[in-house]
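Here is how the chains run, residue by residue.
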Amino acid sequence: MNNIKAKKRVEDFTIIENKRLNKEFFILKLKSAGELPVILPGQFAEVRIDDNPTTFLRRPISIYNVDYSGNTIELLIKIAGDGTKKLSELKDGGILNIVYPLGNSFSKPAGTKVLLIGGGTGVAPMLILGKYMKANWGIEPLFLLGYRSDKLIIEKERFEALGKVYITTEDGSDGYKGFVTQHPILNEPESNFDIIYTCGPEIMMKAIAKKAKELNSACEVSLENLMGCGIGACLCCIVDTKDKGNVNTCTEGPVFNSERLKWQI
Amino acid sequence: MANLKTNIGKLEIKNPVMTASGTFGFGTEYEDFIDISRLGGILVKGITGAERQGNPYPRMAETPSGMLNAVGLQNKGIDYFVEHIYPEISKFDTEIIVNVNGGTIEEYIDVASKVEKLNKIKAIELNISCPNVKQGGMVFGTHCPSAVAVTQAVRNAYSKTLMVKLSPNVTNIVDFALAVEEAGADSISLINTLLGMAIDAKTRKPLLSTITGGLSGPAVKPVALRMVWQVAKSVKIPVIGMGGIMNATDAIEFFLAGASAIQVGTANFINPAVTIEILEGINEYLDNNGFSCLSEIVGALDI
């Protein structure tokens, strides 16, 4: 993992765009009043919703894009409950209080043959990772993005601007019909990647970790555990690891080499 | 600038704002956000004799105006603390107080004795109120003779300031407060979390792996205030109040109810800089209301 990490901070951002993509996903584009710290791919923000009793705790959201020239960040959010529903209703010009940049980041691969797999809202860290690897590691990203149907596909053109994009949909409405692990890119003789990066539902990441093992590829997964604080204090977001037992997803992760996790795969 | 000094037993602290154990790590987690040395004290994460892995995930559930946790005293044990953590946090110019836990009285004594040797640490908080462990914790804190036994045993083994953190999960909190005072406590911290649970009606499953857990946050504040008030007027030793303090006004309410100092817990998760804001707010309240020192408002509830 990359160790050059910026200091964590609490900051009020101004919402400059709330863009609804479809019935499940939206993007909040936020502007900082000052200069952004370095944000690494895989890092996340803890977003304050409001003071209402049912949205008391912050919500951890992965960072989708960073623009240092405009001092803006984008958060790709899925409407999952009360908190994210309220975020989806925020208006331009409003203020959003976030704690960031949190967590570790994806690591630089040993080679250049890499695959970035995102499922649903898990495509968010894949965009920022793809952009980062192209700019900083000189690696052209290859994306495999899985959705339930074509209506839920997220900003395909932004991924295509960075590299080749394969799509799978469960209903076959776009791309390959089936799950990401069934896609030919993962089932050919030349499917031996130096590393597979992934974020999405745990069941998908477990299947990918298993596949990566078969392919003799390294695999890094980004976990979406429930979190209290996001800064390593509450010890609520733990994941069981082979080397250290229970560790905080928020500070040791959210990115883990799949081999570290005690997953039954 | 009012005089904010207060005492938590034999120990005087520079201001009444401390952090509640288990909500502030070892202080280093918050260094990016605040100057830890401005705080009156930090209560580090609960420590046991041997390393503990704590309870399985999920350990947390959001509930109206609060949260349930079932961490279960995950920590690396006292020896690791002494060797690796204590040297790192000794740099903070604030009172570092160790929250001491055990499954048996012997384990409590083992931890307390090892902490006593650490020069920088002038107080411990005996945790007899953790609701998330099968042995020790709340088992001691909800049975009066056990609370007395563990307090007496640790008192005999530990000579510096001994705080005892009580469980609110009892019928009469005053009985416990008087009993641990008699057993040698220098001050009383209250409240620990209230035992609660949460259920997902959709899946028909509990939200915590342990089914029950400890409730904290503003939801528990009225209970905490009531208990601080009842205890503070019954004991002679200082009371350290906590339970849902989110801002300076909440803290002031605890002082008025009789608390000599306060601990900020769950609020740290929502605003990592909240402790300093509370400290500044307390000072502002005292100045604006013509008080020259904190002690003037402790127990000053106008009835």
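As a reminder, the structure under discussion sits directly above these lines.
Residues numbered from 1 in each chain as written. Chains lettered and ligands numbered in written order. Predicted model: local features only at pLDDT ≥ 70, side-chain atom pairs only at ≥ 80, totals over all residues. Heavy atoms only, no water.

(A) Quick peek at the sheet that holds strand β9 (residues 164–169) of chain A. Residue and element names in this part refer to chain A. Taken together, seven strands build an open sheet; the order of strands is β10-β9-β8-β7-β11-β12-β15 and the sheet is mixed. Both outer strands of the open sheet, β10 (176–177) and β15 (255–257), are each paired with one neighbouring strand and no more. Seen against the sheet, helix α4 (residues 202–214) touches β7 (114–119), β11 (195–199) and β12 (218–222) and runs at an angle of roughly 175° to β11. (Pairing = 2+ DSSP bridges. Helix = DSSP H or I, 4+ residues; strand = E, 2+ residues; numbered from the N terminus. Contact = heavy atoms within 4.5 Å. Axes fitted to C-alpha atoms, helices over the stretch in contact; angles between N-to-C directions.)

(B) The arrangement of the pattern of salt bridges in detail. Tallying each qualifying case throughout the model produces 28 salt bridges over all chains. Between D51 of chain A and R48 of chain A there is a salt bridge whose closest N-O contact spans 2.6 Å. For R48 of chain A, a relative accessible area of 16% puts it in the buried group. Between K221 of chain B and D250 of chain B there is a salt bridge, with its nearest N and O atoms 2.7 Å apart. Of this pair, K221 of chain B sits in helix α6 (residues 221–232) while D250 of chain B is found in helix α7 (residues 248–257), placing the two residues 29 residues apart along the sequence. (Salt bridge = Lys/Arg side-chain N within 4 Å of Asp/Glu carboxyl O. Buried < 20%, exposed > 50% of the residue type's maximum accessible area, 1.4 Å probe, protein only.)

(C) Representation of the interface of chain B and chain A within the structure. On the chain A side, the residues contacting the 33 residues of chain B number 29 residues. Roughly 2600 Å² is buried in total at the junction of chain B and chain A, and carbon and sulfur atoms are behind 63% of that figure. Connecting chain B to chain A are one salt bridge. With a closest N to O distance of 2.9 Å, E62 of chain B and R59 of chain A form a salt bridge. At the junction of chain B and chain A, the tally comes to 10 residue pairs in polar contact (both at pLDDT 80 or more). A class-by-class count of the residues in the side of chain B that touches chain A yields 14 nonpolar, 14 polar and five charged. (Buried area = accessible area lost by both parts, 1.4 Å probe. Polar contact = N/O pair within 3.5 Å; in protein donor to acceptor, adjacent residues only side chain to side chain. Nonpolar A, V, L, I, M, F, W, Y, C, P; charged D, E, K, R; others polar.)

Shape descriptors only; they carry no functional weight alone.
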